[in-house]
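In case you want the letters, here they are:
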Number of protein chains: 4
Amino acid sequence: MPHSPQDKKRILTRVRRIRGQAEALERALEGGEPCLAILQQIAAVRGAANGLMSEMLEIHLKDELVSGETTAREREQRMADVAHLIRSYLK
Amino acid sequence: MPHSPQDKKRILTRVRRIRGQAEALERALEGGEPCLAILQQIAAVRGAANGLMSEMLEIHLKDELVSGETTAREREQRMADVAHLIRSYLK
Amino acid sequence: MPHSPQDKKRILTRVRRIRGQAEALERALEGGEPCLAILQQIAAVRGAANGLMSEMLEIHLKDELVSGETTAREREQRMADVAHLIRSYLK
Amino acid sequence: MPHSPQDKKRILTRVRRIRGQAEALERALEGGEPCLAILQQIAAVRGAANGLMSEMLEIHLKDELVSGETTAREREQRMADVAHLIRSYLK
């Protein structure tokens, strides 16, 4: 979980927006809206998921590598944990 | 909306999965789960949004450009409507 | 190859720009330029590769699905050939 | 530039591969190869650009945030420099 309450709140707001977008998409599909409108809503969900990922990654790097008194060895271990995530989602 | 009922159902299933993932993320954040677990869940949402986008785009191209009797001129018009979407989300 | 000479020229121009960017990157690395400047150049290569992909995909869809007299069956076959490419690079 | 000679060499190898791929693409376009083959080569360039970006980002985070004796304040400044890059290319 993000360490600072403000960061946590920002992430929660983004997650709730994605949930709201998914609910709106369900209604649009059930209501038979045109495909192009649906594609645009899907593109918006995708953009929101990317924004959420990049904000959470930034917060995680800040919390784990930047803040506080840490040794190079501790930071090395934490970097190893996050490196495979960076690799997997920049593909 | 996708023309075939099976396509519509497949898209709805994907949208509902994203909604479920967003709800699980909310609970994980409220429950104070570790950041790394949260990042992995976010990466899964992002993957699901990409999968939804590519499946809906494929269905749209099939419905608009492939199926039925159409003239080159009609297909040209429909292509113009979808081209900017392709461009914007391959960035 | 793109059917129209103008399309082919546009694609070639984009490919040559990427080659030029890669050559500039090699020089920057060999010249010991700062990491941040190198990261920015790499981000530009990545943007150029995405732009090239989306333009070529659009041209391909136009050439294969939109233009000319074709039957739904022919377009179906051509769509099958390109669908896995769309899927693989929207991940 | 990456601090360690091995990292620099790995990045240079990736950059040279992209240059080679761009040169091969030019020849394929000039030789009139089929569109589908060209699209596959372009998808490979795009994959290589993504791989280069994620490896360089990882090296940069390691060099700037992980290694050596640094204060939280120094790391904060360095994080600010790289944060906008992370944001811009996760869109």
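Every value quoted in this text rests on a predicted model; they were computed, and no experiment measured them.

**Q** So, the overall build of chain A: which residues are in play, and what are the values?
**A** Across its full length, chain A carries three helices and zero strands. For chain A, the N- to C-terminal ordering of α and β elements is α-α-α. Taken over the C-alpha trace, chain A has a radius of gyration of 17 Å; the compact-globule value for 91 residues is 12 Å, which it surpasses by more than 25%. The dimensions of chain A, computed from C-alpha atoms along their principal axes, are 55 × 30 × 15 Å. Here chain A holds 91 residues, and the buried ones make up 49% of them. Counted over contacts in chain A with a minimum sequence separation of 6, partners at least 24 positions apart contribute 55%. Split by element, the accessible area of chain A, about 4200 Å² in all, is 50% carbon and sulfur. In chain A, which carries 15 positive and 13 negative side-chain charges, the distance between the mean positions of the two groups comes to 1 Å.

**Q** Any details on the pattern of salt bridges? Residues and values, ideally.
**A** Enumeration over the complete set of coordinates arrives at 36 salt bridges over all chains. Between Lys62 of chain C and Asp7 of chain C there is a salt bridge whose closest N-O contact spans 2.7 Å. With a gap of 55 residues between them, Lys62 of chain C in helix α2 (residues 35–66) and Asp7 of chain C in helix α1 (residues 5–30) connect regions that are remote in the sequence. Linked by salt bridges that have partners in common, Asp7, Arg10, Arg14, Glu55 and Lys62 of chain A make up one network.

**Q** Please provide a residue-by-residue account of the environment of Leu39 of chain B, values included.
**A** In this structure, Leu39 of chain B sits in helix α2 (residues 35–66). Dropping the residues within four chain positions of it, Leu39 of chain B is found in contact with Met53, Met56, Leu57, His60, Val82 and Leu85 of chain A.

**Q** Describe helix α1 (residues 5–30) of chain D, with residues and values.
**A** All names here are of chain D. For α1, built from 26 residues, the straight-helix expectation of 38 Å at 1.5 Å per residue is met to within 8% by its first-to-last C-alpha distance of 37 Å. Among the residues of α1, those classed as buried are Asp7, Ile11, Leu12, Val15, Ile18, Ala22, Leu25, Glu26, Ala28 and Leu29. Positioned one or two residues after α1, Gly32 has a phi angle of 70°, which is positive.

**Q** Can you explain the packing of α1 of chain D against helix α2 (residues 35–66) of chain D? Please cite residues and give values.
**A** All names here are of chain D. At a minimum axis distance of 10 Å, the contact between α1 and α2 shows a crossing angle of 165°. With respect to α2, the element α1 is oriented roughly antiparallel. As for the relative orientation of α1 and α2, their crossing is left-handed in sense. Looking at the contact of α1 with α2 residue by residue, the class counts come to 16 nonpolar, three polar and five charged.

**Q** So what's going on with the interface of chain D and chain A? Which residues, and what values?
**A** Counting from both sides, the interface comprises 20 residues of chain D and, opposite them, 20 residues of chain A. Counting the surface lost from both chain D and chain A, the interface buries some 1800 Å², and carbon and sulfur atoms represent 65% of this. The interface formed by chain D and chain A includes zero salt bridges. One can count eight residue pairs in polar contact (both at pLDDT 80 or more) joining chain D with chain A. For the side of chain D that touches chain A, the secondary-structure elements that each account for two or more residues are α2 and α3 (72–89) of chain D. No other element matches the eight residues that α3 of chain D contributes to the side of chain D that touches chain A. Here the residues of the side of chain D that touches chain A are counted per class, giving 10 nonpolar, five polar and five charged.

**Q** Summarise the relation of the copies chain A and chain B; cite the residues concerned and give the values.
**A** With an RMSD of 0.0 Å, chain A superimposes on chain B once it is rotated by 180° and translated 0.0 Å along the axis. Each copy turns onto its partner about a two-fold axis. Residues of chain A ranked by C-alpha distance from the rotation axis are headed by Arg19 of chain A, positioned 2.6 Å from it.

**Q** So what's going on with the interface of chain A and chain B? Which residues, and what values?
**A** Across the contact, 39 residues belong to chain A and 39 residues belong to chain B. Counting each side, the surface lost to burial between chain A and chain B is near 3700 Å², with a carbon and sulfur contribution of 75%. Run the count over chain A and chain B and you get 11 residue pairs in polar contact (both at pLDDT 80 or more). Tallying contributions element by element places helix α2 (residues 35–66) of chain A first for the side of chain A that touches chain B, with 16 residues. Of the residues belonging to the side of chain A that touches chain B, the class tally is 25 nonpolar, five polar and nine charged.

**Q** Just give me the short version of the relation of the copies chain D and chain A, but keep the residues and values in it.
**A** Least-squares fitting of chain D to chain A yields an RMSD of 0.0 Å, with the transformation described by 0.0 Å of translation along the axis and a rotation of 180°. Taken together, the interface assignments show that 100% of the residues at the interface of chain D recur at the interface of chain A, consistent with an identical surface on both copies.

**Q** How would you summarise α2 of chain D if you had to cite specific residues and measurements?
**A** Residues and elements named next belong to chain D. Here α2 contains 32 residues, and its C-alpha end-to-end distance of 45 Å stays within 8% of the 46 Å for a straight helix at 1.5 Å per residue. Of all 32 residues making up α2, 24 are buried, and the element is well covered by its neighbours. Trailing α2 by a residue or two, Gly68 shows a phi angle of about 80°, which is positive.

What counts, and at which threshold
- Residues numbered from 1 in each chain as written.
- Chains lettered and ligands numbered in written order.
- Predicted model: local features only at pLDDT ≥ 70, side-chain atom pairs only at ≥ 80, totals over all residues.
- Heavy atoms only, no water.
- Helix = DSSP H or I, 4+ residues; strand = E, 2+ residues; numbered from the N terminus.
- Rg over C-alpha atoms; globule rule 2.2 N^0.38 Å.
- Buried < 20%, exposed > 50% of the residue type's maximum accessible area, 1.4 Å probe, protein only.
- Contact = heavy atoms within 4.5 Å.
- Areas by Shrake-Rupley, 256 points an atom, 1.4 Å probe, with all protein chains shown as cover.
- Lys, Arg positive; Asp, Glu negative; His and termini not counted.
- Charge placed at Lys NZ, Arg CZ, Asp CG, Glu CD.
- Salt bridge = Lys/Arg side-chain N within 4 Å of Asp/Glu carboxyl O.
- Expected span 1.5 Å × (residues − 1).
- Axes fitted to C-alpha atoms, helices over the stretch in contact; angles between N-to-C directions.
- Parallel < 35°, antiparallel > 145°, perpendicular 65-115°, else oblique.
- Left-handed = near helix turned anticlockwise from the far one by under 90°.
- Nonpolar A, V, L, I, M, F, W, Y, C, P; charged D, E, K, R; others polar.
- Buried area = accessible area lost by both parts, 1.4 Å probe.
- Polar contact = N/O pair within 3.5 Å; in protein donor to acceptor, adjacent residues only side chain to side chain.
- Least-squares fit on C-alpha atoms with pLDDT ≥ 70 in both.

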